[in-house]
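Here is what each chain is made of, one letter per residue.
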Amino acid sequence: MAALSITRRVVERARLVALVERLCARDACSRSPGEREVKAAGISKPQFMDKEVQNILGRITGLNLEKIFKPMKQQLNPPQYKLFTDEQLDGARHEAMEVAKEHLRMPPVLDEREPICDVLAEDKILAGLETAKYVFTDITYDKPHRERFIVVREPNGVLRKATWDERDRMIQVYFPREGRTIIPPPIFQNENLLVVFAQERFEDILDLCLVQFEPNSADYIRVHHQTYEYIDKHNKYDLLRSTRHFGGLVWYLSNGMRIDGLLIDMIQRDLMDDAVSVVQLYHTLHPECQSANETNVQQAKGIELIKVFAHTDSKKGSYLELALQVYQEAISSSADQDAQRKEHN
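Just so it is clear, the structure is predicted and the values come from calculations on it, not from any experiment. (Residues numbered from 1 in each chain as written. Predicted model: local features only at pLDDT ≥ 70, side-chain atom pairs only at ≥ 80, totals over all residues. Heavy atoms only, no water.)

A closer look at the overall build of the protein chain
Then step 1. Along the protein chain, the regular secondary structure elements total 15 helices and four strands.
Then step 2. Here the protein chain holds 345 residues, and 35% of them are scored as buried.
Then step 3. Restricting to contacts in the protein chain with at least 6 residues of sequence separation, those with at least 24 account for 67%.
Then step 4. A total of about 21,600 Å² of accessible surface is found on the protein chain, and carbon and sulfur atoms cover 53% of it. (Helix = DSSP H or I, 4+ residues; strand = E, 2+ residues; numbered from the N terminus. Buried < 20%, exposed > 50% of the residue type's maximum accessible area, 1.4 Å probe, protein only. Contact = heavy atoms within 4.5 Å. Areas by Shrake-Rupley, 256 points an atom, 1.4 Å probe, with all protein chains shown as cover.)

Let's talk about the sheet that holds strand β2 (residues 134–137)
Then step 1. Strand order in the open sheet formed by four strands is β1-β4-β3-β2, and the pairing between neighbours is antiparallel. The open sheet has two edge strands with one neighbour each: β1 (119–122) and β2. For this sheet, the mean inter-axis angle between neighbouring strands, taken without regard to orientation, is 15°.
Then step 2. Taken together, the four bridges between β2 and strand β3 (residues 150–153) define a ladder with antiparallel strand orientation. (Pairing = 2+ DSSP bridges. Axes fitted to C-alpha atoms, helices over the stretch in contact; angles between N-to-C directions.)

What about a nonpolar patch on the surface?
Then step 1. Nonpolar side chains collect at one region of the surface, where Ile139, Val173, Tyr174, Ile182 and Ile183 lie side by side and expose about 470 Å² of accessible area between them.
Then step 2. You can see Ile183 is positioned in the loop between α6 (164–174) and α7 (190–198). (Patch = residues over 30% accessible without salt bridge, like charges linked within 9 Å, V, L, I, M, F, W, Y side chains within 5 Å. Salt bridge = Lys/Arg side-chain N within 4 Å of Asp/Glu carboxyl O.)

Things to note about the packing of α7 against helix α9 (residues 218–234)
Helix-helix packing is characterised by the crossing angle of the two axes and by the distance between the axes.
Then step 1. Viewed as axis vectors pointing N to C, α7 and α9 meet at an angle of 40°, and their least axial separation amounts to 11 Å. Here α7 lies oblique to α9, going by the angle between them. By crossing handedness, the relation of α7 to α9 is classed as right-handed. For the pair formed by α7 and α9, the contact residues are Asn190, Leu193, Phe197 and Ala198 on the first element and Arg222, Val223, Gln226, Thr227 and Tyr230 on the second.
Then step 2. A class-by-class count of the residues in the contact of α7 with α9 yields five nonpolar, three polar and one charged. (Parallel < 35°, antiparallel > 145°, perpendicular 65-115°, else oblique. Left-handed = near helix turned anticlockwise from the far one by under 90°. Nonpolar A, V, L, I, M, F, W, Y, C, P; charged D, E, K, R; others polar.)

Observations regarding helix α3 (residues 51–61)
Then step 1. Of all the residues in α3, the buried ones are Val53, Gln54, Ile56, Leu57, Ile60 and Thr61. On an axial view of α3, the arc spanned by its buried residues comes to 165°, and they lie on one face. Counted as exposed and oriented over 90 degrees from the buried face of α3: Lys51 and Glu52.
Then step 2. Buried positions along α3 lie against α10 (246–255) and α12 (272–285). (Arc of directions from axis to C-beta.)

Some points on the environment of Ile306
Then step 1. For Ile306, the position within the fold is in helix α14 (residues 303–311).
Then step 2. In this structure Ile306 comes out as buried when scored by relative accessible area, which is 0%.
Then step 3. For the pair Ile306 and Ser277, spaced 29 residues apart in sequence, the C-alpha separation works out to 9.8 Å.
Then step 4. Setting aside its immediate chain neighbours within four residues, Ile306 contacts Ile267, Met272, Ala275, Val276, Val279, Leu320 and Leu324.

Some thoughts on the confidence of the model for the protein chain
Then step 1. Looking at the protein chain as a whole, its pLDDT mean stands at 84, while 84% of the residues score no less than 70.
Then step 2. Put simply, helix α2 (residues 35–39) is where the protein chain has its lowest mean pLDDT, 40, and α9 is where it has its highest, 97. (pLDDT = per-residue confidence, 0-100.)

Points about the side chain of Ser242
Then step 1. With respect to the helices, strands and loops of the structure, Ser242 is situated in the loop between α9 and α10.
Then step 2. Under the relative-accessibility criterion, Ser242 is labelled buried at 6%.
Then step 3. With near-sequence residues (within four places) excluded, Ser242 lies in contact with Thr61, Gly62, Leu63, Asn64, Lys67, Ile68 and Leu104.

A look at the pattern of salt bridges
Then step 1. Applying the stated criterion to the full structure yields 22 salt bridges.
Then step 2. Ionic pairing is found between Arg201 and Asp204, a salt bridge with its closest N-O pair at 3.1 Å.
Then step 3. The exposure class assigned to Arg201 is partly exposed, which follows from its relative accessible area of 42%.
Then step 4. Exposure remark for Asp204: the relative accessible area of 37% places this residue in the partly exposed category.
Then step 5. Each member of the salt-bridge network shares a partner with another, and the members are Lys133, Glu154, Arg160 and Glu166.

As for helix α13 (residues 290–298)
Then step 1. Buried residues of α13: Ser291, Ala292 and Thr295, and no others. An end-on view of α13 places all buried positions within 100° of arc, on one side of the element. Of the exposed residues in α13, those oriented more than 90 degrees away from the buried face are Asn296 and Val297.
Then step 2. Elements that come into contact with the buried residues of α13 comprise α12 and α14.

Some details on the environment of Asp118
Then step 1. Examined against the element boundaries, Asp118 turns out to sit in the loop between α5 (86–103) and β1.
Then step 2. Asp118 sits in the partly exposed class, given a relative accessible area of 38%.
Then step 3. In this structure the C-alpha to C-alpha distance between Asp118 and Thr163, which are 45 residues apart in sequence, comes to 9.1 Å.
Then step 4. Those residues within four positions of Asp118 in sequence are excluded, and the remaining contacts are Arg160 and Lys161.

Some points on unusual backbone geometry
Then step 1. The backbone phi angle of Met257 is positive, close to 55°, even though this residue is not glycine.
Then step 2. On the secondary structure map, Met257 appears in the loop between α10 and α11 (260–268).

Okay, here's the thing in C-alpha cells:
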C-alpha cells in the first residue's frame, strides 16, 4: 500500500508539472489589473492615472508641511541644531518640498479584480486519497507575483487555479512583505472600522490598508469606499487634505456625482481655486451632464463655473449658493476695509 501511495504521488506530480507548463505557455495564470480598462478603450472617460486628472488632484490636495511632517511616536533623541546661510536655508526648504511631494504620491485606483474560477482538471482517480488541499506555488524568485502560477488540488481530485485570497496568502508565505499579515487584522472588519472612524483616524486606516491589501482587491476597495462614505456623510474632508489619500476621495466623489459637500467645505475654507478645479474634474468625468453643457454655452470660468453647477446638477443647490453668497460678501467686505485703510494712510 505504501508503494502504491508513493507511485500515485509521483504520477500526480508529473501530471501537474506537465499541466503547469502548458498553461504557463498560454500566460493564463491571472488577469492584469488594467485589462478591463483596455476593453473599455473605446470609451473616452478619463482614468485616474491620466496626466490631466493627476494634475487636478495634485493641485487640490494641498501641501501643508506641518501636516505632512507631523510628529510621530518614536525614540527620543537629543535635538540637532544647524546654522544655515540664507542660500542653504532655501535649499533645505526646497528639499523639504520635494520630500513632501513624494509623501503625497497618490495610490492607484483600480477596478476590482475578477474572481478566479478556472478548473484545470478533474481526476476522479485521486478522489479521497487525501483529506486536505494541496497548494502548488511557483516560487521562482524574479517572477512578478501576478504572473506566478499557483494551483490547488482539492481532496475530490479537482485541480483548479488558486483564488485571489489563496494567492495573496501563499505569496505572503513565500515572499513576506513587511507590515502585512497572512490573515488580515480584525480592524478591517466592518464593526471595527466604525470605531476607527469615530476616532477620526482615517489616514491611519487607509495607510494600513495600503500595506495589507492589493489595490485591486475587494477588501482594499471596500475599506476605501466605506472611509470615503463616512467622511462625506460627516463633512470630515479636511482630515485627508494634504495626505496622499485626498485625491482618491475627490475621485470617488466626482465619479459618484456627489461633490456638493466637498464644494461647500472648500468654499467655507476660502479654497475657491480648489472648488473650481473639482467642478472641472466633474465635467471631465461627466461631459454629458447638464452643467458641463451649460458651461460650454456660457463659457463660464472661475466662480461662475460653480454657480452654473449649483443651478443645474447640484443636489444641494441652495446650500451651495448660500456658501457662495457668504464668500462673495466676505471678499467684498475685505476689499472695502482695505480701501478705507488706504484712505486713512
